[in-house]
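Examination of the molecular architecture
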Amino acid sequence: HVFAMSFLEDQIALRPNNSELYEALASAYFVAERAQDALAALDTAEGLGAPDWRIAYNRGLIEESLGLTEQAIAHYKDSLKSLPSWPPAKARLEGLEKGHPQAQIVAFPPAGER
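Residues numbered from 1 in each chain as written. Predicted model: local features only at pLDDT ≥ 70, side-chain atom pairs only at ≥ 80, totals over all residues. Heavy atoms only, no water.

Once that is clear, we can look at the nonpolar core. In terms of nonpolar packing, the biggest core is built from 30 residues, with Leu-25, Tyr-29, Ala-38, Tyr-57, Ile-62 and Tyr-76 touching the most fellow members. Mapped by element, the contributors of at least two residues to this core are helix 1 (2–14), helix 2 (19–31), helix 3 (35–47), helix 4 (52–65), helix 5 (69–82) and helix 6 (87–97). Ranked by residues supplied to this core, first place goes to helix 2 with 7 residues. Residues in contact with Ala-38, not counting those within four places in the same chain, are Ala-26, Tyr-29, Phe-30 and Ile-62. (Core = buried A, V, L, I, M, F, W, Y, C linked by side-chain atoms within 4.5 Å. Buried < 20%, exposed > 50% of the residue type's maximum accessible area, 1.4 Å probe, protein only. Helix = DSSP H or I, 4+ residues; strand = E, 2+ residues; numbered from the N terminus. Contact = heavy atoms within 4.5 Å.)

Encoded structure:
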């Protein structure tokens, strides 16, 4: 995690206007259990134009990992407003609404899901 964070921070220093780098950094922070840093990186990514559906979904994952179920549900619903048929957000929302929080949260969506 430390290498990934250091590498991404170096890349951000070179390209501070790249929202995807901030999203990747948020993912590294999330894996390192630095939720507040991950949320801050997502805020920056959002300000730089990252897709709303992806930011909302990733915020949902963080909130869910913190046990903040109602906030996570709201974020997943926001994600689905922008991208209604996206299976990961639908699955997370359904799991929470059926009382199954934190079912296999491992990280943010892989690159192929973005």
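What follows deals with the side chain of Arg-59. Mapping Arg-59 onto the fold places it in helix 4. By relative accessible area, Arg-59 is classed as buried at 14%. In contact with Arg-59, not counting residues within four places along its chain, are Leu-39, Leu-42, Asp-43, Glu-46 and His-75.

Bringing the packing of aromatic side chains into the picture now. Scanning the entire structure with this criterion turns up 4 aromatic pairs. Look at Trp-53 and Trp-86: their rings are 4.8 Å apart centre to centre, the planes differ by 65 degrees, and that puts the pair in the edge-to-face class. You can see Trp-53 sitting in helix 4 and its partner Trp-86 sitting in the loop between helix 5 and helix 6, a full 33 residues away along the chain. Taking relative accessible area as the criterion, Trp-53 reaches 14% and is therefore assigned buried. According to the relative accessible area criterion, Trp-86 is buried, its value standing at 7%. Aromatic side chains Tyr-57 and Tyr-76 sit 5.7 Å apart centroid to centroid with 45 degrees between the ring planes, which places their arrangement in the tilted category. Of this pair, Tyr-57 sits in helix 4 while Tyr-76 is found in helix 5, placing the two residues 19 residues apart along the sequence. Under the relative-accessibility criterion, Tyr-76 is labelled buried at 0%. Pairwise contacts between aromatic rings join Trp-53, Tyr-57, Tyr-76 and Trp-86 into one cluster. Here the basic side chain of Arg-54 rests over the ring of Trp-53, its NZ or CZ set 5.8 Å away from the ring centre. (Phe/Tyr/Trp six-rings, centres within 6.5 Å; stacked < 30°, edge-to-face > 60°. Lys NZ or Arg CZ within 6 Å of the ring centre and 35° of its normal.)

As far as function goes, none of this settles anything; it's purely spatial.
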